[in-house]
Amino acid sequence: MHVAMIGSGYVGLVSGACFADFGHVVTCVDKDPAKIEALQNGRMPIFEPGLAELVAKNVREGRLAFATDLAGPVREADAVFIAVGTPSRRGDGHADLSYVYKAAEEIAGVMNGFTVVVTKSTVPVGTGDEVERIVRRTRPDADCAVVSNPEFLREGAAISDFKRPDRILIGTDDERAKRVMSELYRPLYLNQAPILVTSRRTAELTKYAANAFLALKVTFINEIADLCEAVGANVQEVARGIGLDNRIGSKFLHAGPGYGGSCFPKDTLALIKTAQESRASIRTVETVVAVNDERKRAMAAKVIAACGGDVNGKTVAVLGLTFKPNTDDMREAPSLAIIAALQEAGATVRAHDPEGMEQARAFLKDVTYTQTPYDCATGADALVIVTEWDAYRALDLDWIKDRLNAPVVVNLRNIYPPDDMHRRGFAYTSVGRPNGLAS
Ligand SMILES: NC(=O)c1ccc[n+]([C@@H]2O[C@H](COP(=O)([O-])OP(=O)(O)OC[C@H]3O[C@@H](n4cnc5c(N)ncnc54)[C@H](O)[C@@H]3O)[C@@H](O)[C@H]2O)c1
């Protein structure tokens, strides 16, 4: 099958490369000429483990190409995927659908023969109806079906998530479109990935419901962590104790600085908007958003408390800037709010991240970036671990303790045991553990 992928970001590029690897002929299109030029020269515009190799292999074997103009690829395509961004609209939290609608118009202008237009971007209920209206208005003669096929991949594990998904969700009642989608995903039927075919609106809502539920799980364990600190219990043991219950499950029960990233924050806000406009408000999700926002500020307060209540004039070393490990994505990363609050309180911030420093420069002002975590720690008044990259899991702690100005470590990801840290002589603060409080 011939596929045109409109938007070559985290989702479009990974999906396009994986479809090519299944044997389809794919062109990934993007408006950003720098992105396409990089890809045409074998350079990845994003960091995602395994992606460079997968792209190179499929380009070499003639199944994957890149373009800035969608006309040629769309004309040839059996399926055209819309994988453009749907950020929060400034001011009201609604999903900004302008990129989706613009792409739909451009696709409609050039499509040729029966074409399935597939929305892979995360879009509010009813967007498929509007995409269909745009296509029909632009090209009344068009032979096409508009399908919802939301993506559930996680950055950092995107390729294996795409190739071994928990499920594939296809929202359409068009029989011809079902056949095209089945053919596209056929290699995954062989792996027995469950395929759910629903109405388009149900598929659109399912994606938001999934993300809101995961955000709720994270926020729940974060509040339990606060309670653990207040009553002298251990949140990691509580999480294990509840997670072993199959009805609950152990994933997304790691207490930390609050969720961030390019999806949960905007998708929870967009779901709240949809619910309010439909007069069916979802108060649990409204609470999740409020609690999570407060949590990021509370994490900065935790650092300040660990530094004796004042960071004015002090240097704080931050390890980990991206919203989670194994990505360079800085969108809505908790580090942004934490660093801004520390700077407001008068701290000088120094930071290290294995992959995120280049992107971080666009988001953060007045931060000094260092080559290694050890340079970051040297001479600092406190060390704060914000993202649990593997590179931070086995640091030479004794070396660090000798180089820190004061042996203060705040670990917002619980990757070191409190007993061991105390034995080494650190004043150690972690999240939701009885020995994790500053001492
Ligand atoms: N990032 C994730 O982990 C993830 C996971 C599941 C779903 N999603 C959803 O997928 C969608 C895309 O997310 P992303 O993280 O890949 O975004 P992204 O910002 O990384 O990529 C979007 C790309 O689309 C391009 N673009 C915009 N309009 C275009 C047009 N008319 N023609 C061609 N290219 C155009 C942009 O230049 C950009 O490169 C969003 O709706 C998001 O919610 C993201």
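Higher on the page you've got the structure.
These numbers come from a predicted model, not from an experiment. (Residues numbered from 1 in each chain as written. Predicted model: local features only at pLDDT ≥ 70, side-chain atom pairs only at ≥ 80, totals over all residues. Heavy atoms only, no water.)

Asks: Looking at this model, I keep getting lost on the overall build of the protein chain. Mind explaining?
Replies: The number of helices and strands found in the protein chain is 18 helices and 14 strands. In summary, the protein chain has a C-alpha radius of gyration of 23 Å against a globular reference of 22 Å for 439 residues, a match within 12%. Reported as C-alpha extents along the three principal axes, the dimensions of the protein chain are approximately 70 × 50 × 40 Å. Looking at the protein chain residue by residue over its 439 residues, the buried ones come to 54%. Sequence separation of 24 or more characterises 72% of the internal contacts of the protein chain that already satisfy a separation of 6 or more. For the protein chain, the computed accessible surface area is about 19,200 Å², with 50% contributed by carbon and sulfur atoms. (Helix = DSSP H or I, 4+ residues; strand = E, 2+ residues; numbered from the N terminus. Rg over C-alpha atoms; globule rule 2.2 N^0.38 Å. Buried < 20%, exposed > 50% of the residue type's maximum accessible area, 1.4 Å probe, protein only. Contact = heavy atoms within 4.5 Å. Areas by Shrake-Rupley, 256 points an atom, 1.4 Å probe, with all protein chains shown as cover.)

Asks: Would you take a moment to explain the packing of helix α13 (residues 283–306) against helix α14 (residues 334–344) for this structure?
Replies: Geometry of a packed helix pair, given as the angle between the helix axes and the separation of the axes. Where α13 contacts α14, the two axes come as close as 8 Å, and the packing angle between them is 50°. By the criterion of interaxial angle, the relationship of α13 to α14 is oblique. Between α13 and α14 lies a crossing whose hand is right-handed. Along the contact surface, α13 presents K296, M299, A300, V303 and I304, while α14 presents P334, A337, I338, A341 and L342. Class assignment of the residues belonging to the contact of α13 with α14 gives a composition of 9 nonpolar, no polar and 1 charged. (Axes fitted to C-alpha atoms, helices over the stretch in contact; angles between N-to-C directions. Parallel < 35°, antiparallel > 145°, perpendicular 65-115°, else oblique. Left-handed = near helix turned anticlockwise from the far one by under 90°. Nonpolar A, V, L, I, M, F, W, Y, C, P; charged D, E, K, R; others polar.)

Asks: I would appreciate a short explanation of the side chain of E155 in the present structure.
Replies: Secondary-structure assignment places E155 in the loop between β6 (144–148) and α7 (158–163). Of note is the side chain of E155, whose polar atom sits 3.4 Å from the side chain of S262. When sequence neighbours within four positions are dropped, the list of residues in contact with E155 reads Y10, E48, S262, F323, K324, T327, D329 and R331. (Polar contact = N/O pair within 3.5 Å; in protein donor to acceptor, adjacent residues only side chain to side chain.)

Asks: Looking at this structure, I do not really get helix α1 (residues 10–21). What am I missing?
Replies: Since the α-helix turns once every 3.6 residues, residues separated by three or four places project in the same direction. With 12 residues, α1 extends 17 Å from end C-alpha to end C-alpha; this agrees with the ideal 16 Å at 1.5 Å per step. The buried fraction of α1 amounts to 10 of the 12 residues, a majority that puts the element mostly inside the structure. For α1, the full list of buried residues reads Y10, G12, L13, V14, S15, G16, A17, C18, F19 and A20. Note on α1: the residue one or two positions beyond its end, G23, has a positive phi of about 115°. (Expected span 1.5 Å × (residues − 1).)

Asks: Which parts of the structure should I look at to understand the site of the ligand?
Replies: Among the 23 residues in the neighbourhood of the ligand, the closest are listed as D30, K35, T86, E155 and K266. Contact between the ligand and E155: a nitrogen atom at 2.8 Å from a side-chain N or O atom of the residue. Within the side chain of R331, one N or O atom sits 2.9 Å away from an oxygen atom of the ligand. Notes on the ligand: free accessible area 830 Å², of which the protein chains cover 90%. (Near = heavy atom within 4 Å.)

All quantities given are derived from atomic positions and should not be read as evidence of function.
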